[in-house]
Amino acid sequence: MNDAEIKQAIIDIISDIAPDEDTSNLKPDVRLREQMDLDSMDFLDIVMELRKRYGVNVPDTDYMQLATLDSCVNYLRGKLVSKTAKV
Amino acid sequence: MEYDAVIIGAGMSGLAAGIRLAMFDKRVVVLERHYVWGGLNSFYQFKGRQLDVGLHAMTNYVPRGAKGKPLTRLLKQLRLRHEQLDLHEQSFSLISFPSAKLRFDNDFENLRGEVRRAFPREIDGFDALTREIVAFNELDLDAPQISAREVVRRHIRESLLEDMLFCPLMFYGSAREHDMDWDQFVVMFKSIYMEGFARPQAGVRHVLSLLTNRYRELGGELRLRAGVKRILTRENEAVGVELQSGEIIEADHVLSSAGLVETNKLVNGERGIGVPSMSGHRPEADATGKLSFTETISVLDAPPKTDATIIFFSNRDRFEYRCPDKLCDVDSGVICMPQNFKLPKPIDPLVRITNIANYAKWTALERGDGSSEVLIPSEWKVSGIRSQVSGNGKAIPETRYPIPDTSKTDTYTQAKQNFYEHSVAAVTPAHLPDFRSNVQLVDMFTPRTITHFTGHEGGAVYGSPRKSRTGETGIKGLTIMGTDQGFLGIIGAALSGISMANRWVLKESTASEPIA
Ligand SMILES: Cc1cc2nc3c(=O)[nH]c(=O)nc-3n(C[C@H](O)[C@H](O)[C@H](O)COP(=O)(O)OP(=O)(O)OC[C@H]3O[C@@H](n4cnc5c(N)ncnc54)[C@H](O)[C@@H]3O)c2cc1C
């Protein structure tokens, strides 16, 4: 996946987790928590969805890496293989 | 292992927990002993009417987008949009005591204004109490247990105001007589006064079909008439359950919404009670809750002349929240008129009245033979008790029905009939214009009904006064959720199921399982 695809993958997960949130104008360099109503339970969901959809495991100690869209992309670069590509 | 998790009970907590586990591909089955789901908040059909078992109101109402509130947390965890719940707000509710009335709605400032109007000298105390409540983190599951009365009395001096503030919070969620745990008080204060009441147009059926549909969509399995007889353990670790039918189901985790005492019995047999092997909490002499309720539902041909949605009343200025010596205490209770939510489509007008009841007395009554139906007294129809104008709330009507001598009430059916008539007489016209001539149909349930349908011992709607706040039982893999984890009501119980599933099943798997 390229960076744009990774970013979209994260946005898709957030839109599924929080269907009431508007995810169309998220700023890539601002903390997600500041732009939306996300709490630690929601970050657990992001982590579990990453694992479910892309087989990537994010250990507790790396949760901070998911703070902004940019940091998500940096952290996940090279780690995400889309399900279709895997098959 | 056959299942990753077995869930006991298809109430709000069991269904919500099931959704979370199925969402992350856990093999999960919800086992329900009854032939329908919903538990304490289920639904039924009675003489062609669709009735809800419990639903007065969903608490915790906040509009879409409110940040960090229980309702928004619940929606996200179940991946529902706010509008899917189809919530419509209350008009207003009343706390109605002989010497004062307080009105509140979903805007907290209005309650504050009412306190200032009726208790001008208490407003600073009320504000200080509010600040202490806002600052308290009720989600800290390890907070020490302290008395809510003690904390409230530091701020509020007039006992009348103290009791009026406690009244709705106790009726909607206290497992303890007379007092509440402070954390529970905070949860209820926020959910009722600071957030608010709403209901879906179609009542609890709507909530339940959202939950069951989501659960099934995700591949979760729901089995009805599948009562659990025993929880199986090996070396202090839960390994599965045995059903009433004798069938054995193996599982890594067992999450139980049956209640603390009830779950203890499922592990330890009848001896379980009083010898809590389930550890970690201070023992109480009798862990079975003492608070049970009767509820009467009167279906009307025309609504009573009031816009109030819910009325919490007491006919005494000192509010008594305790198991009564008689069958029921008709002199305090909750009156709900679901037609007075701001609903887009009109619904059949109802008056629901909830009173505190004595479980032991109700269960000791002879069943009698034949139906236990409540009849509409013929004099209600003919004697011209026409809708009267509401009293000013100052005085209780002088022509009070005499309280029946329960020792003479020999059968269950007669007791129901008696108490229905008394509970109606005790609210009109002091709290509600008389609606007796409009009654078309009556149904009533008692503590006996609650235990029969939900298995909660002592008919204890709010469970045991002893809660397992972390869900732990002392047995590995066995978790308590719902009412006896300490979160109740529709929203509370569902959040409890979610947080217990997250904490004890899902988190564990993210931490330990290697990547596939
Ligand atoms: C009259 C009444 C009015 C209410 N009104 C409201 C209201 O207006 N608003 C609100 O928010 N809340 C209301 N409540 C409270 C609310 O219904 C409960 O707090 C909530 O539903 C509790 O959910 P739960 O999952 O913890 O437990 P339950 O609903 O009790 O679920 C437990 C389930 O487990 C099943 N079970 C028990 N033992 C076994 C076993 N051995 N094997 C298999 N299954 C078993 C039971 O049959 C039951 O279905 C009301 C309750 C009552 C009784």
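Residues numbered from 1 in each chain as written. Chains lettered and ligands numbered in written order. Predicted model: local features only at pLDDT ≥ 70, side-chain atom pairs only at ≥ 80, totals over all residues. Heavy atoms only, no water.

1. Considerations on the overall build of chain B
Line of reasoning, step 1. Along the backbone of chain B there are 14 helices and 18 strands.
Line of reasoning, step 2. Expressed as a percentage of contacts within chain B between residues at least 6 apart in sequence, the contacts between residues at least 24 apart total 74%.
Line of reasoning, step 3. Here chain B displays about 20400 Å² of accessible surface, and carbon together with sulfur accounts for 50% of that area. (Helix = DSSP H or I, 4+ residues; strand = E, 2+ residues; numbered from the N terminus. Contact = heavy atoms within 4.5 Å. Areas by Shrake-Rupley, 256 points an atom, 1.4 Å probe, with all protein chains shown as cover.)

2. Looking at the sheet that holds strand S15 (residues 328-336) of chain B
All names here are of chain B.
Line of reasoning, step 1. The 7 strands are arranged S7-S6-S14-S15-S16-S13-S17 in an open sheet whose pairing can be described as mixed. Sheet topology places strand S7 (100-104) and strand S17 (439-445) at the edges, where each strand pairs with a single neighbour. Each strand axis lies, on average, 20° off the axis of its neighbour in the sheet, ignoring direction.
Line of reasoning, step 2. Bridging between strand S6 (residues 93-97) and S7 involves 5 bridges; their strand directions are antiparallel. Along S7, the bridge assignment pairs Ser96 with Lys101.
Line of reasoning, step 3. Across the sheet, helix H6 (residues 159-171) lies against S6, S7, strand S13 (292-300), strand S14 (310-314), S15 and strand S16 (350-357), angled at about 130° from S6, the strand it touches most. (Pairing = 2+ DSSP bridges. Axes fitted to C-alpha atoms, helices over the stretch in contact; angles between N-to-C directions.)

3. What about the side chain of His253 of chain B?
Residues and elements named next belong to chain B.
Line of reasoning, step 1. When you line up the elements, His253 lands in strand S12 (residues 248-256).
Line of reasoning, step 2. Given the relative accessible area of 10%, His253 is considered buried.
Line of reasoning, step 3. Among all residues touching His253, those that are not within four sequence positions of it are Asp4, Ala5, Val6, Gly477, Trp504, Val505 and Glu508. (Buried < 20%, exposed > 50% of the residue type's maximum accessible area, 1.4 Å probe, protein only.)

4. A look at the domain arrangement of chain B
Many analyses report the size of an interface as the accessible area lost when the parts associate.
All names here are of chain B.
Line of reasoning, step 1. When cut into domains, chain B gives domain 1 (2-86 + 199-287 + 462-505), domain 2 (91-196) and domain 3 (292-454).
Line of reasoning, step 2. Counting from both sides, the interface comprises 24 residues of domain 2 and, opposite them, 28 residues of domain 3.
Line of reasoning, step 3. Carbon and sulfur atoms supply 56% of the area that domain 2 and domain 3 bury against each other, a total of about 2300 Å² over both sides.
Line of reasoning, step 4. Area buried by domain 2 at its contact with domain 3 is led by Ser91, Pro98 and Phe171, which between them contribute 30% of it.
Line of reasoning, step 5. Remark: the boundary between domain 2 and domain 3 carries 1 salt bridge.
Line of reasoning, step 6. Across the salt bridge formed by Asp163 and Arg318, the nearest N and O atoms sit 3.0 Å from each other.
Line of reasoning, step 7. Between the two partners, domain 2 and domain 3, sit 17 residue pairs in polar contact (both at pLDDT 80 or more). (Domains from an automatic or database assignment. Buried area = accessible area lost by both parts, 1.4 Å probe. Salt bridge = Lys/Arg side-chain N within 4 Å of Asp/Glu carboxyl O. Polar contact = N/O pair within 3.5 Å; in protein donor to acceptor, adjacent residues only side chain to side chain.)

5. Comments concerning unusual backbone geometry
Residues and elements named next belong to chain B.
Line of reasoning, step 1. At the junction of Thr428 and Pro429, the peptide bond is cis and its omega measures out at -10° in the coordinates.
Line of reasoning, step 2. Relative to the helices and strands, Pro429 resides in the loop between helix H12 (412-425) and S17.
Line of reasoning, step 3. Positive phi, close to 55°, is recorded for Arg79, a residue that is not glycine.
Line of reasoning, step 4. With respect to the helices and strands, Arg79 occurs in the loop between helix H2 (70-78) and strand S5 (87-89).

6. Remarks on the interface of chain A and chain B
Line of reasoning, step 1. Chain A puts 19 residues into the contact, and the matching count from chain B is 27 residues.
Line of reasoning, step 2. Taking both partners together, chain A and chain B bury about 2100 Å²; carbon and sulfur atoms supply 50% of that area.
Line of reasoning, step 3. When residues of chain A are sorted by the area they lose upon contact with chain B, Asp20, Asp37 and Met41 of chain A head the list and together hold 29% of the total.
Line of reasoning, step 4. The tally of links between chain A and chain B comes to 7 salt bridges.
Line of reasoning, step 5. In this structure, Asp45 of chain A engages Arg20 of chain B in a salt bridge whose closest nitrogen and oxygen atoms are separated by 2.5 Å.

7. Quick notes on the site of the ligand
Residue and element names in this part refer to chain B.
Line of reasoning, step 1. Taken together, 34 residues form the shell around the ligand, and within it Ser13, Glu32, His56, Ala57 and His456 come nearest.
Line of reasoning, step 2. Thr483 places a polar side-chain atom, nitrogen or oxygen, 2.9 Å from an oxygen atom of the ligand.
Line of reasoning, step 3. Taking 1000 Å² as the accessible area of the ligand by itself, protein coverage stands at 96%.
Line of reasoning, step 4. Elements with a minimum of two residues in the shell around the ligand: helix H1 (12-23), helix H13 (447-454) and helix H14 (489-512). (Near = heavy atom within 4 Å.)

8. What to know about the nonpolar core
Residue and element names in this part refer to chain B.
Line of reasoning, step 1. Ranked by internal contacts, the top residues of the largest apolar core, which has 54 residues, are Phe171, Tyr172, Phe185 and Tyr193.
Line of reasoning, step 2. Of all the elements, H6 adds the most residues to this core, at 9 residues.
Line of reasoning, step 3. Apart from residues lying up to four places away in sequence, Phe185 is in contact with Ile133, Ala148, Val152, Phe166, Leu169 and Met180.
Line of reasoning, step 4. The next biggest cluster of nonpolar side chains, apart from the first, holds 52 residues, and it includes Val30, Met58, Leu75 and Leu208. (Core = buried A, V, L, I, M, F, W, Y, C linked by side-chain atoms within 4.5 Å.)

9. Re helix H8 (residues 204-217) of chain B
All names here are of chain B.
Line of reasoning, step 1. With 14 residues, H8 extends 20 Å between its outermost C-alpha atoms, agreeing within 8% with the 20 Å of an ideal straight helix rising 1.5 Å per residue.
Line of reasoning, step 2. Within the sequence span of H8, burial applies to Val204, Val207, Leu208, Leu210, Leu211, Thr212, Arg214 and Tyr215.
Line of reasoning, step 3. With its phi angle positive at about 90°, Gly219 sits one or two positions after the end of H8. (Expected span 1.5 Å × (residues − 1).)

10. A short note on the confidence of the model for chain A
Line of reasoning, step 1. Chain-level statistics for chain A give a pLDDT mean of 88 and a share of 93% at 70 or above.
Line of reasoning, step 2. For chain A, per-element mean pLDDT is lowest for helix H5 (residues 83-86) of chain A, which scores 51, and highest for helix H4 (residues 69-76) of chain A, which scores 94. (pLDDT = per-residue confidence, 0-100.)

11. A look at empty space enclosed by the protein
Residue and element names in this part refer to chain B.
Line of reasoning, step 1. Across all of its chains, the model carries 5 cavities of 30 Å³ or more by this definition.
Line of reasoning, step 2. One number sums up the size of the largest cavity: a volume of about 140 Å³.
Line of reasoning, step 3. In terms of lining, the largest cavity is formed by 15 residues, of which the most central are Asp181, Asp183, Gln184, Pro465 and Lys467.
Line of reasoning, step 4. Partitioned by chemical class, the residues of the lining of the largest cavity number 4 nonpolar, 5 polar and 6 charged.
Line of reasoning, step 5. When residues are assigned to domains, the lining of the largest cavity turns out to be shared by domain 1 (2-86 + 199-287 + 462-505) and domain 2 (91-196), each giving three or more.
Line of reasoning, step 6. A volume near 70 Å³ is recorded for the second largest cavity.
Line of reasoning, step 7. Met12, Met58, Leu74, Leu78, Leu80, Leu85, Val207, Leu210, Leu211, Ile490, Ile491 and Ala494 together form the lining of the second largest cavity.
Line of reasoning, step 8. Of all the secondary-structure elements, those providing two or more residues to the lining of the second largest cavity are H2, H8 and H14.
Line of reasoning, step 9. Split by residue class, the lining of the second largest cavity holds 12 nonpolar, no polar and no charged. (1 Å grid on protein atoms, 1.4 Å probe; cavity = no way out; pocket = protein on both sides within 12 Å on 5 of 7 lines; lining within 4 Å. Points joined across faces, edges and corners; volume = space filled by probe spheres on them. Nonpolar A, V, L, I, M, F, W, Y, C, P; charged D, E, K, R; others polar.)

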